[in-house]
Amino acid sequence: MALLDIINLRTHFLTQDGLVKAVDTVDLTIAEGERLGLIGETGCGKTVLGMSIVRLLQPNTSIKGRIEYKGRDILKMKEAEMRRLRGREIAMILQNPTTSLNPVLKIGDQIAEAMQLHQGLDRREASRKAIEMLRSVHLPDAAANACQYPHELSGGMRERVMIALGLACNPEFIIADEPTKGLDIKTKIQIIELLREATHHKAMLMITHDLGVAGSICNKIAVMYAGELLEVAPSPNILNGPSHPYTQGFINSLPSRGLLPIPGTSPSLICPPSGCRFHPRCRMATKTCETKHPEMVQMEKGHFVRCLQFN
Ligand SMILES: Nc1ncnc2c1ncn2[C@@H]1O[C@H](COP(=O)(O)OP(=O)(O)OP(=O)(O)O)[C@@H](O)[C@H]1O
Ligand SMILES: [Mg+2]
């Protein structure tokens, strides 16, 4: 059964330059226990998609469509209900631990505060559990680390704190936004291992630039480009037999596959290209791609592609 069902989601921002269509007609399903990796170049709308699910967006946002969590539309929930959902069911591990953690609060107190608020624990119990959480994310000396401020920790340790904070209320669904960004390779592997272990049997949306990270932890991968999804498939299909020219290009641009960049730059989200949004950069583009917008079609079970070659 689908835990999360996103239907025709459009998250747009009203700006002085025009309407930024950061998420444009996205359909996506995440089943219970499924881990979905969301990949794509910088600025394609990954974080905005994640933030739309938890409704943490700026006042200049227009959000339309449906986001059904356990059959109920998140976009119709009242703010109080939404706060409960964020605290108890859906956790968002934010993209930047340096700005997401409160710099003037000890990390143990930040986790304890969340537990007091959402689980109704008293202060002592919450503080004890906060240390337990820090231990569970393998901080070297959880009790001592709990008394430290964010700036006293390394990048890898801060990311562990973010994960502890996200998992503190035992959520059913976790959105992790670039949890390994900026970390050295050894720490990155440790964080992935930690996420895998800590989210066992839970559903997860893992936002990342890093296909290697997505492939190692997710069973399904969605490829986003200029606000749209271009390909969604089981991870092995994406890694070994991607169908969309953009996904193929994205894979060839990885250091492990030859570092061949996709020519051109990401398009404007205010005036995206006509037809297929990827056509100006696509080596397979034909005249029709300039005018006809491709539909998402199913190639085989669970493997969807938006490309006119297959329409
Ligand atoms: N409140 C806002 N007002 C206007 N534009 C916004 C707003 N928030 C985000 N955007 C724009 O939406 C687009 C998508 O941003 P988003 O942060 O989702 O990209 P991303 O795929 O997460 O990129 P990265 O990989 O660099 O994190 C960007 O062009 C961004 O500038
Ligand atoms: Mg982002």
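Residues numbered from 1 in each chain as written. Chains lettered and ligands numbered in written order. Predicted model: local features only at pLDDT ≥ 70, side-chain atom pairs only at ≥ 80, totals over all residues.

Colleague: Would you take a moment to explain the packing of helix α4 (residues 107-119) against helix α7 (residues 155-167) for this structure?
Modeller: Between two packed helices, both the angle of their axes relative to each other and the distance between the axes serve to describe the pair. It is the contact of α4 with α7, at a shortest axis distance of 9 Å, that shows an interaxial angle of 15°. Between α4 and α7, the angle is such that the two are roughly parallel. Read as a crossing pair, α4 and α7 show a hand that is right-handed. Contacts between α4 and α7 involve Ile107, Gln110, Ile111 and Ala114 from the first element and Val161, Ala164 and Leu165 from the second. A per-class count over the contact of α4 with α7 returns 6 nonpolar, 1 polar and no charged. (Axes fitted to C-alpha atoms, helices over the stretch in contact; angles between N-to-C directions. Helix = DSSP H or I, 4+ residues; strand = E, 2+ residues; numbered from the N terminus. Parallel < 35°, antiparallel > 145°, perpendicular 65-115°, else oblique. Left-handed = near helix turned anticlockwise from the far one by under 90°. Contact = placed C-beta atoms within 7 Å. Nonpolar A, V, L, I, M, F, W, Y, C, P; charged D, E, K, R; others polar.)

Colleague: Whenever I open this one, the sheet that holds strand β10 (residues 228-234) confuses me. Can you help?
Modeller: With respect to topology, 8 strands assemble into an open sheet ordered β6-β7-β8-β3-β9-β10-β12-β11, the strand pairing being mixed. With one partner strand each, in any of the chains shown, β6 (90-93) and β11 (296-300) form the two edges of the open sheet. Adjacent strand axes in the sheet meet at a mean angle of 20°, parallel and antiparallel pairs treated alike. One ladder, built from 4 bridges, connects β11 with strand β12 (residues 303-306); its direction is antiparallel. Each residue of the ladder has a partner; that of Gln298, found in β12, is Phe304. (Pairing = 2+ DSSP bridges.)

Colleague: Can you walk me through helix α5 (residues 123-136) in this structure?
Modeller: Working note: α-helix, 3.6 residues per turn, so residues spaced by three or four point in the same direction. With 14 residues, α5 should cover 20 Å at 1.5 Å per step; its first-to-last C-alpha distance of 20 Å lies within 8% of that length. Contacts from the buried residues of α5 go to α4, α6 (142-146) and α7. In the segment just after α5, His138 is the residue with positive phi, at about 60°. (Expected span 1.5 Å × (residues − 1).)

Colleague: I would appreciate a short explanation of the site of ligand 1 in the present structure.
Modeller: Surveying the vicinity of ligand 1 reveals 16 residues, the closest of which are Phe13, Ala22, Thr42, Lys46 and Thr47. Elements supplying a minimum of two residues to the shell around ligand 1: β1 (2-15), β2 (18-31) and α1 (46-53). The leading source of residues in the shell around ligand 1 is α1, at 3 residues. Across the shell around ligand 1, the residue classes tally to 6 nonpolar, 9 polar and 1 charged. (Near = placed C-beta within 6 Å.)

Colleague: Would you explain the nonpolar core in this entry?
Modeller: Soluble globular proteins tend to pack their nonpolar side chains together in the buried interior. Ile111, Ala164 and Val223 are the most contacted members of the largest nonpolar core, which has 88 residues in total. Per-element accounting of this core gives the leading share, 7 residues, to α7. In this structure Ile111 touches Ala130, Met133, Ala164, Leu165 and Ala168, once residues within four positions along its chain are discounted. (Core = buried A, V, L, I, M, F, W, Y, C linked by C-beta atoms within 7 Å. Buried ≥ 20, exposed ≤ 12 C-beta atoms within 10 Å, placed from the backbone.)

Colleague: I tried to follow the environment of Gly18 on my own but got confused; where do I start?
Modeller: Mapped onto the secondary structure, Gly18 falls in strand β2. On the neighbour-count criterion, Gly18 (13 C-beta atoms within 10 Å) is partly exposed. When the C-alpha positions of Gly18 and Asp5 are compared, they lie 29 Å apart, and in sequence the two are 13 residues distant.

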